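Structure at a glance
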Amino acid sequence: MKVCLLTHGYPRFPSDTTAPFIESIAETLQKHGAYVTVLTPDTAKFARTTADHNVNLKTYRYFFPRQLQLLGYANTLVNDCELKRYVYLLAPFMFLSAIFQLLRLHRKHCFDVIHAHWLLPNGFIGVIVSKVCKIPLVITLHGSDIFVSKLNPVFKAIAKWTLKHTAMVTSVTPAFLPELAALDVPEEKRCLIPNGVDPEVFPPPTPKQLAGLQNKLSIPEGQRVVFALGRIVLKKGFDTLIRALPYVREKCPQTTVIIGGDGSDLVRLKALAEEQGVSDIIKFPGTINRLEVPIYFYLCDLFALPAVVDPKGNMDGCPIVILEAMACGKPVVASAISGIPIVVQNGKTGLLVEEKNPDALASAIVSLLENPAKREQFGKAAQQRIQNELTWTKTIEQFISIYQQHANRDT
């Protein structure tokens, strides 16, 4: 089966942290016998070689000079709340170039299915070629695409038209299924397929690697470590974590908190840490190299992601970092919103709390920091759940089943 994955996010170099889950989907599909082509927009930082991947990876130019190709790769939204102004200028060029390149690739490879990740812009790009070439289109929703589709009447109309001509729409969270119903997608054309993770990508680091990271971050011996990771934007809820830390510090004084990642909300978070009097126990290492991420997971005692629905209504779908923490045998403390409860089993693999509630978050963190046996119990259960139910192989098997159902039908 020949599958084309449409995306606007992909690791731009092997250690990049931009949408590694799309690469995992593509590579796992390829391992399962599909011939996979990935089509993604070019960007100035894109530097992949044929030796560092197994799929047919193609980029397309849509504007000159190259430095002005600014769309995608988590660059499009301000704090994930509103579109940057240049989007409206560059988007038409991106659409036209992507459609042309997808048509050209189809003439060469004769795809059986197009799989677009994110409703906008890739679903719209895919549906044009789907209708022209009579190829079934599958769309996967990840989070911000539903938010973008509601920003204005034009986007909403484009989204509804796109969804009308789609063979199937999958979502990484049940929270988006009612949104699809509101956009007139019938029940038989929408389904839930959670994200996965590849446990083999997260082998335990050596004691030397753990000690090296501990020294690099100046974490004293005997400290308990809380780790949080993600783009530094409002919907991750890192401000809630910082507001929870005075109580955590009072109850568990030998605690260090690491908030990894970069983004438009970082300056505000650092100021908030100063305001709360906890800046001395927080480490902000910035963007973490993908190759180093497992070391951070194994260094920590628990992983925290207090995700929220941000002021504009945007929220995460099913954060991959939670699955990665579980794959490393770490208990998770997170908000009970969106796709998180289908991954984290409250009281079994971690603790779920009310969003935007620093007191509840602090109590959950303290309860685990004070109970090593429970941390170990939750961590082992989390790792087992990943291995049994939440691998990329399980996800890909569901995608392949959908492809096979629609590949031979007229679009």
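Now for a look at the structure at hand. Here the residue numbers are simple positions, counted from 1 along each chain's written sequence. Local features in this predicted model are restricted to residues whose pLDDT is 70 or higher, and side-chain atom pairs enter the listing and the counts only when it is 80 or higher, whereas totals over whole chains, interfaces and linings include all residues. Side-chain metrics in this entry use all non-hydrogen atoms of the structure; hydrogen atoms and water are not considered.

The subject of this paragraph is the overall build of the protein. Helix and strand definitions here come from DSSP, where helices need a minimum of 4 consecutive H or I residues and strands a minimum of 2 consecutive E residues; each element is numbered from the N-terminal end. The helix and strand inventory of the protein stands at 14 helices and 15 strands. To get the radius of gyration, use the C-alpha atoms; to get the globule rule, take the number of residues to the power 0.38 and multiply by 2.2 Å. The C-alpha radius of gyration of the protein comes to 21 Å, within 12% of the 22 Å expected for a compact globule of 411 residues. Referenced to the eigenvectors of the C-alpha coordinate spread, the extents of the protein come out at roughly 65 × 40 × 40 Å. A separation threshold of at least 6 residues defines the contact pool for the protein, and within that pool the share at least 24 residues apart is 72%. When the accessible surface of the protein is summed, it comes to about 17100 Å², and 53% of that surface belongs to carbon and sulfur atoms. Only heavy atoms enter the contact rule, under which two residues are in contact if any of them lie within 4.5 Å. Accessible surface area values rest on a Shrake-Rupley calculation with a 1.4 Å probe, where residue burial reflects the displayed protein chains alone.

Attention now moves to the side chain of Thr76. Residue placement: Thr76 occurs in the loop between strand S3 (56–60) and strand S4 (77–78). Exposure remark for Thr76: the relative accessible area of 17% places this residue in the buried category. Beyond its immediate stretch of four places on either side in the chain, Thr76 contacts Leu71, Glu82, Leu83, Lys84 and Val87. The buried label goes to any residue with under 20% of its type's maximum accessible area, the exposed label to any with over 50%, and the partly exposed label to all in between, with areas taken from a 1.4 Å probe on protein chains only.

What counts as a salt bridge is simple: a side-chain nitrogen of Lys or Arg found within 4 Å of a carboxyl oxygen of Asp or Glu. Applying the stated criterion to the full structure yields 17 salt bridges. A salt bridge links Asp316 to Lys236; the nearest nitrogen and oxygen atoms lie 2.7 Å apart. Here the residue Asp316 occupies a position in the loop between strand S13 (302–305) and helix H11 (320–327), and Lys236 occupies one in the loop between strand S10 (224–229) and helix H8 (238–251), the gap between them amounting to 80 residues. Taking relative accessible area as the criterion, Asp316 reaches 11% and is therefore assigned buried. On the basis of relative accessible area, Lys236 is assigned to the buried category, the value being 9%. In this structure, a network of salt bridges that share partners links the residues Glu23, Arg48, Asp52 and Arg290.

Right, let's talk about a positive patch on the surface for a bit. On the surface, Lys58, Arg104, Arg107 and Lys108 cluster together into a positively charged patch. Counting residues per element, the positive patch draws most heavily on helix H2 (residues 86–109), at three residues. Inspection of the secondary structure assignment puts Lys108 in helix H2. Classification of Lys108 by relative accessible area gives exposed; the value is 59%. For patches, a residue must show more than 30% relative accessible area and have no salt bridge; joins then use 9 Å for like charges and 5 Å for nonpolar side chains, namely Val, Leu, Ile, Met, Phe, Trp and Tyr. A positive count includes Lys and Arg, and a negative count includes Asp and Glu. His and the chain ends are not counted in either. Working definition for charges: the position is that of NZ of Lys, CZ of Arg, CG of Asp or CD of Glu.

Turning our eyes to something else, we now look at the packing of aromatic side chains. A ring pair, where both rings are aromatic, is described by two values, the distance of the centres and the angle of the planes. Centres within 6.5 Å make a pair out of two Phe, Tyr or Trp rings, where for Trp the six-membered ring is used; the pair is then stacked when the planes are under 30 degrees apart, edge-to-face when over 60, and tilted otherwise. Per the counting criterion, the structure on display carries twelve aromatic pairs. Among the aromatic residues, those joined into a cluster by ring pairs are Phe202, Phe227, Tyr296, Phe297 and Phe303.

At least two DSSP bridges between two strands are needed for those strands to be called paired. Within the open sheet, the seven strands sit side by side as S3-S2-S1-S6-S7-S8-S9. Their pairing is parallel. Bordering the open sheet on either side are S3 and strand S9 (190–192), each of which pairs with just one other strand. Adjacent strand axes in the sheet meet at a mean angle of 20° when their direction is disregarded. Pairing geometry for strand S6 (residues 113–117) and strand S7 (residues 137–141), over four bridges, is parallel. Note on S7: the bridge partner recorded for Ile114 is Leu137. Axis definition: a line fit to C-alpha positions, over the contact stretch in the case of helices; interaxial angles, taken between N-to-C directions, run 0 to 180 degrees. On the sheet, helix H3 (residues 119–133) packs against strand S1 (2–6), S3, S6 and S7 and is oriented at approximately 175° with respect to S7.

Within a beta sheet, neighbouring strands are joined by backbone hydrogen bonds and run either parallel or antiparallel to one another. Here we have six strands laid out as an open sheet, ordered S12-S11-S10-S13-S14-S15, and parallel in their pairing. Every other strand in the sheet has two partners, leaving strand S12 (282–286) and strand S15 (350–353) as the edge strands with one partner each. On average, adjacent strands in this sheet sit at an angle of 20° to one another, irrespective of strand direction. Of the strands in this sheet, S10, strand S11 (255–260), S12 and S13 are in contact with H8, which crosses S11 at around 175°.

Locating Thr166 in the fold gives a position in the loop between helix H5 (153–164) and strand S8 (168–171). Here Thr166 falls in the buried class, since its relative accessible area comes to 2%. Residue contacts for Thr166: discarding those within four places in its chain leaves Leu137, Val138, Ile139 and Lys189.

Covered by surrounding structure in S13 are Leu302 and Ala304 together with Phe303 and Leu305, the residues of both alternating faces. Bridging between S10 and S13 involves two bridges; their strand directions are parallel. Paired with Phe227 across the strands is Phe303, a residue of S13. Here S13 runs beside strand S14 (residues 332–335); their pairing, made up of three bridges, is parallel. Bridge assignment links Leu305 to a residue of S14, and that residue is Ala334. Whether a crossover is right-handed comes down to one check: with the strands pointing away from the viewer, does the path from the first strand over the helix to the second run clockwise; if it does, it is right-handed. Following the backbone out of S13, through H11 and into the adjacent parallel S14, one traces a crossover that is right-handed.

This paragraph deals with the pairing of strand S2 (residues 35–41). Burial of S2 is extensive: six of the seven residues sit out of reach of the surface. Pairing of S1 with S2, which is carried by five bridges, proceeds in the parallel orientation. Paired with Leu6 across the two strands is Leu39, which belongs to S2. Considered for its hand, the β-α-β crossover made up of S1, helix H1 (residues 20–31) and S2 is right-handed. In terms of strand pairing, S2 meets S3 through five bridges, oriented parallel.

Within the element layout of this structure, Lys2 appears in strand S1. Looking at Lys2, the relative accessible area reads 35%, which means it is partly exposed. Counting along the chain gives 161 residues from Lys2 to Leu163, while the straight-line C-alpha distance between them is 22 Å. Each residue touching Lys2, except ones within four places of it in the same chain, is listed here: Tyr35, His109, Cys110, Phe111, Asp112 and Val113. A distance of 3.1 Å separates a polar side-chain atom of Lys2 from the backbone oxygen of His109. By the criterion applied in these results, polar contacts are pairs of N or O atoms within 3.5 Å in which, for protein atoms, one can donate a hydrogen and the other can accept it, and in which residues neighboring in sequence qualify only through two side-chain atoms.

As a further point, take the environment of Val332. Along the chain, the position of Val332 falls in strand S14. Between the C-alpha atom of Val332 and that of Leu302, which follows or precedes it by 30 residues, the distance is 6.0 Å.

All we've got here are geometric facts, nothing functional implied.
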